[in-house]
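Chain and residue survey
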Protein chains: 2
Amino acid sequence: MSSEQLNSTIKKNRQTVYSYIDKFLSKDHQIDELRQFYQILRDYPSRPSKGLRAALCSLTCETFGGNSHDTIITAAGLELFQSWVLIHDDIEDDSEFRRGQPVLHRKHGIPLAINAGDALHGKMWEIILGNQRILGDQKTLLILANFRKMLNETTEGQHLELSWVKNQRWDLQESDYFLMCEKKTSWYTCIAPMRMGAIIAGADNEIWEKIIPLGAKLGVAFQIQDDILNLSANKEYGKEIVGDIYEGKRTLILINFLKKCNSKEREEVITILNKPRSQKTINEIKRVVDLIRSSGALEYAKKTAMNLTNELKHNFEVIFSNTNPTESKDILRELLDYLVSRKW
Amino acid sequence: MSSEQLNSTIKKNRQTVYSYIDKFLSKDHQIDELRQFYQILRDYPSRPSKGLRAALCSLTCETFGGNSHDTIITAAGLELFQSWVLIHDDIEDDSEFRRGQPVLHRKHGIPLAINAGDALHGKMWEIILGNQRILGDQKTLLILANFRKMLNETTEGQHLELSWVKNQRWDLQESDYFLMCEKKTSWYTCIAPMRMGAIIAGADNEIWEKIIPLGAKLGVAFQIQDDILNLSANKEYGKEIVGDIYEGKRTLILINFLKKCNSKEREEVITILNKPRSQKTINEIKRVVDLIRSSGALEYAKKTAMNLTNELKHNFEVIFSNTNPTESKDILRELLDYLVSRKW
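Here is a short report on the structure shown in this document. Just so you know, these numbers come straight off a predicted model, no measurement behind them.

1. Here's the deal with the overall build of chain A
For chain A, the count of helices and strands is 15 helices and 2 strands. Over its C-alpha trace chain A gives a radius of gyration of 20 Å, about what one expects of a compact globule, namely 20 Å for 344 residues. Taken over the C-alpha atoms alone, chain A extends approximately 60 × 55 × 35 Å along its principal axes. When each of the 344 residues of chain A is scored for burial, the buried share is 60%. Partitioning the intrachain contacts of chain A with sequence separation of at least 6 by distance along the chain shows that 76% fall at a separation of at least 24. Summed over all atoms, the accessible surface of chain A reaches about 13,700 Å², with 48% contributed by carbon and sulfur.

In structure tokens, the structure reads:
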């Protein structure tokens with residue numbers, strides 16, 4: 001299995017799913033303001049993205065013997081979930097860039113952006129209700145139930161992260177970070193896409209349950225890699241580099257650094273991170289990044305991600321032991337590897 | 001039919017629906033931050049509210065021969081819709097008070113409040129998915145489709161209103177206001193509650209369609225009454241008095257005033273209304289209110305609401321002509337009257 005094959009599979013799948021989204025979202029309206037409204041809804045889904053969640057759903061379905069065509073609507077719903085959550089997330093984190101462009105609320109103001117996120121959230125439910133046509137009533141309701149579970153976990157995780165920043169919490173342990181990532185990242189990035197792929201393929205309940213710990217680890221390793229890239233990425237990354245420092249995010253890297261550093265460094269870093277974005281100077285940001293980089297915390301995070309990867313690969317082989325050795329299975333295996341070691 | 005009977009029916013129905021919501025929303029969590037999260041989700045649904053949408057749904061169901069017990073979950077979903085929309089609406093409008101207390105984001109900050117709105121939005125879908133147990137798969141999916149339609153109309157209407165303020169639009173006609181109200185208010189306050197009551201009772205498609213123009217007029221008259229109360233209400237009203245002036249809302253009253261006033265008054269009022277909330281002085285607000293009150297625009301709005309009420313009463317008798325003359329039908333008729341003439 002070559003990485004070219006993986007890339008072309010992800011790309012082809014992304015094209016199918018995003019062309020479905022493109023047809024689904026209105027392009028025009030006779031009223032000027034509502035034409036603008038639908039243009040705003042199309043903004044984030046039109047920006048470059050990898051379509052990893054859609055690929056994970058489709059490949060899991062195929063590996064369990066299902067037809068990936070049956071996952072298009074669900075995968076489109078997952079990608080719309082990502083879009084509306086990011087619109088609100090960018091306001092909550094006071095971010096500047098998303099997928100290489102200014103965030104939505106810096107283009108249209110916070111009120112219109114909150115409302116656009118809500119509208120796109122509604123469009124997500126609308127799109128997955130369309131599953132009735134291809135999956136029938138029962139599977140459609142199962143997919144809806146998975147979306148509501150995913151949303152509940154994501155908002156819990158988001159609350160954890162936001163309230164840590166708001167309440168200036170610095171006494172966090174690795175286990176707090178793992179829990180936050182499982183909720184904030186794993187559910188919508190890994191667990192739900194894989195579970196719904198399995199459901200659509202007709203795999204049984206036992207499989208759905210076993211996917212949870214696999215997807216949980218995959219999501220945490222994915223998030224750790226995201227945190228690492230944020231401190232070191234090139235411009236292909238799309239988000240603002242060192243944005244996590246500006247936003248005061250409690251990453252595994254930071255938690256490990258605070259464990260390793262001396263009390264003077266700790267005080268210095270916490271004082272800077274507690275400041276609101278607008279009061280952080282470039283030199284302060286550089287100082288924090290230098291201290292973190294020279295502490296070995298990045299290497300520690302890489303090692304943790306690698307350990308998780310080894311564990312989840314074992315989970316994968318157990319859960320998928322009864323599936324045939326197909327090309328889809330090989331590509332799925334490759335995708336798991338890519339998720340935890342991607343460079344952007 | 002006495003207004004005491006109407007009041008006691010609304011109150012009893014509200015109690016049933018809100019006790020369902022109370023049991024449905026988590027009260028506790030072993031993690032401190034998530035305990036706070038669920039407390040925040042319970043905030044708006046715990047504040048005093050009238051439960052008008054729940055009553056409209058339940059009474060319509062009964063009038064069409066259905067059992068109001070079957071509407072509890074749907075009515076609870078409607079009330080949760082109202083709660084999460086108001087959380088986001090209060091941020092978008094930069095409001096200060098809601099249901100007699102400070103708005104959510106002034107208690108917890110914008111990031112946690114946006115996320116709480118999203119979480120409660122998710123809880124709304126979760127609660128209405130519970131309809132499977134009492135209504136079966138098909139009716140549940142019909143209810144879900146009505147919620148997604150209602151949400152689409154509401155966000156379109158909200159975009160209209162917000163972009164008029166943002167773009168300092170002052171060239172609006174009555175027809176613009178009516179369209180905005182139908183989308184922003186009528187769908188979730190009147191059309192969807194009544195349609196879903198009819199669906200649950202087993203009324204046929206033809207009825208669902210006929211409810212749209214009835215509910216559209218009812219919602220517009222309701223909104224006009226809300227605008228009137230905002231300029232004149234006592235403290236029972238719950239919202240900030242003259243909040244519409246602070247927020248620069250394009251109400252029918254204002255549109256009519258701008259048509260009637262001279263060019264000097266027009267310029268004066270527009271200059272004040274274009275200012276952001278924080279730059280409007282109390283004297284400026286008072287001046288705008290005085291000008292509006294003495295222009296006759298309030299009386300014009302009252303007359304418009306009355307005309308709409310007469311039309312919708314006629315619609316009501318036609319649509320409900322085949323239903324039996326029950327107590328529910330009398331109370332529903334009384335409720336329509338109350339909605340357009342309430343004092344708070």
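Following the structure, the description resumes.
2. Section: the pattern of salt bridges
Residues and elements named next belong to chain B. Per the counting criterion, the structure on display carries 63 salt bridges over all chains. For R277, the salt bridge goes to D94, with nearest N and O atoms at 4.0 Å. Taken together, the residues span a long stretch of sequence, with R277 in the loop between α12 (263-274) and α13 (282-295) and D94 in the loop between α4 (72-92) and β1 (97-98) at a distance of 183 residues. Accessibility expressed as a relative area gives 13% for R277, which makes it buried.

3. Side note on the packing of aromatic side chains
Residue and element names in this part refer to chain A. Scanning all chains against the criterion turns up 15 aromatic pairs over all chains. An angle of 75° between the planes, with centres 5.5 Å apart, marks the rings of F81 and W84 as edge-to-face. Residue F81 and its partner W84 are located together in helix α4 (residues 72-92), separated by 3 residues, close to a single helical turn. With a relative accessible area of 0%, F81 lands in the buried category. An angle of 50° between the planes, with centres 5.2 Å apart, marks the rings of F81 and Y188 as tilted. One end of the pair, F81, is in helix α4; the other, Y188, is in helix α8 (residues 174-201), and 107 residues separate them in sequence.

4. Re the side chain of N13 of chain B
Residue and element names in this part refer to chain B. Mapping N13 onto the fold places it in helix α1 (residues 3-24). Among the polar contacts made by the side chain of N13, one reaches the main-chain carbonyl oxygen of A54 at a distance of 3.3 Å. Not counting the four nearest positions on each side in its chain, N13 is found in contact with A54, A55 and S58.

5. What about the nonpolar core?
Judged by nonpolar contacts, the single largest core of 225 residues is most densely connected at L335 of chain A together with L335 of chain B. Per-element accounting of this core gives the leading share, 12 residues, to helix α8 (residues 174-201) of chain B. What L335 of chain A contacts, discounting residues up to four positions off in sequence, is L6, I10, L52, A55, L56 and L59 of chain A.

6. Topic: helix α9 (residues 205-232) of chain A
When the terminal C-alpha atoms of α9 of chain A are compared, their 41 Å separation across 28 residues agrees well with the 40 Å that a helix rising 1.5 Å per residue should span. Where burial is concerned, most of α9 of chain A is hidden: 20 out of the 28 residues are buried.

7. Considerations on unusual backbone geometry
Within the chain, Q168 of chain A stands out as a residue other than glycine whose phi angle is a positive 50°. Relative to the helices and strands, Q168 of chain A is located in the loop between α7 (132-166) and α8. Its relative accessible area of 41% is what places Q168 of chain A among the partly exposed residues. One non-glycine residue, R99 of chain B, adopts positive backbone phi at about 50°. Residue position: R99 of chain B is located in the loop between β1 and β2 (101-102). In this structure R99 of chain B comes out as buried when scored by relative accessible area, which is 12%.

8. Here we look at the packing of helix α3 (residues 52-63) of chain A against α4 of chain A
Each pair of packed helices can be summarised by the angle the axes make with each other and by the distance between the axes. Residue and element names in this part refer to chain A. Running from N to C, α3 and α4 point in directions that differ by 155°, and their axes come no closer than 8 Å. Classified by the angle between their axes, α3 and α4 sit roughly antiparallel to one another. The hand of the α3/α4 crossing is right-handed. Along its contact with α3, which presents L52, R53, A54 and C57, the element α4 presents T74, A75, L78, E79 and Q82. Looking at the contact of α3 with α4 residue by residue, the classes come out as 5 nonpolar, 2 polar and 2 charged.

9. Describing the relation of the copies chain A and chain B
Once chain A has been moved 0.0 Å along the axis and rotated by 180°, it coincides with chain B to within an RMSD of 0.0 Å. The superposition of one copy onto the other is thereby described by a two-fold rotation axis. The C-alpha atom lying nearest the rotation axis in chain A is that of D137 of chain A; the distance is 3.3 Å. When the interface residues of chain A are mapped onto chain B, 100% of them are again interface residues, pointing to one common binding face.

10. Details of the environment of K123 of chain B
The residue K123 of chain B is located in helix α6 (residues 110-129) in this model. Residues within four places of K123 of chain B in sequence aside, it is in contact with N152 of chain A together with F24, L25, Y38, L41 and L80 of chain B.

11. Quick notes on the interface of chain A and chain B
Between chain A and chain B, the residue contacts involve 48 residues of the former and 48 residues of the latter. Taken over both partners, the interface formed by chain A and chain B buries close to 4,100 Å², and the fraction arising from carbon and sulfur atoms is 67%. Considering only the surface of chain A that becomes buried against chain B, E33, L141 and H159 of chain A emerge as the three largest contributors, covering 16% of it. Where chain A touches chain B, the interface holds 4 salt bridges. Across the pair R169 of chain B and E33 of chain A runs a salt bridge whose closest N-O atoms are separated by 2.4 Å. Inspection of the region where chain A meets chain B yields 20 residue pairs in polar contact (both at pLDDT 80 or more).

Cut-offs and rules
Residues numbered from 1 in each chain as written. Chains lettered and ligands numbered in written order. Predicted model: local features only at pLDDT ≥ 70, side-chain atom pairs only at ≥ 80, totals over all residues. Heavy atoms only, no water. Helix = DSSP H or I, 4+ residues; strand = E, 2+ residues; numbered from the N terminus. Rg over C-alpha atoms; globule rule 2.2 N^0.38 Å. Buried < 20%, exposed > 50% of the residue type's maximum accessible area, 1.4 Å probe, protein only. Contact = heavy atoms within 4.5 Å. Areas by Shrake-Rupley, 256 points an atom, 1.4 Å probe, with all protein chains shown as cover. Salt bridge = Lys/Arg side-chain N within 4 Å of Asp/Glu carboxyl O. Phe/Tyr/Trp six-rings, centres within 6.5 Å; stacked < 30°, edge-to-face > 60°. Polar contact = N/O pair within 3.5 Å; in protein donor to acceptor, adjacent residues only side chain to side chain. Core = buried A, V, L, I, M, F, W, Y, C linked by side-chain atoms within 4.5 Å. Expected span 1.5 Å × (residues − 1). Axes fitted to C-alpha atoms, helices over the stretch in contact; angles between N-to-C directions. Parallel < 35°, antiparallel > 145°, perpendicular 65-115°, else oblique. Left-handed = near helix turned anticlockwise from the far one by under 90°. Nonpolar A, V, L, I, M, F, W, Y, C, P; charged D, E, K, R; others polar. Least-squares fit on C-alpha atoms with pLDDT ≥ 70 in both. Buried area = accessible area lost by both parts, 1.4 Å probe.

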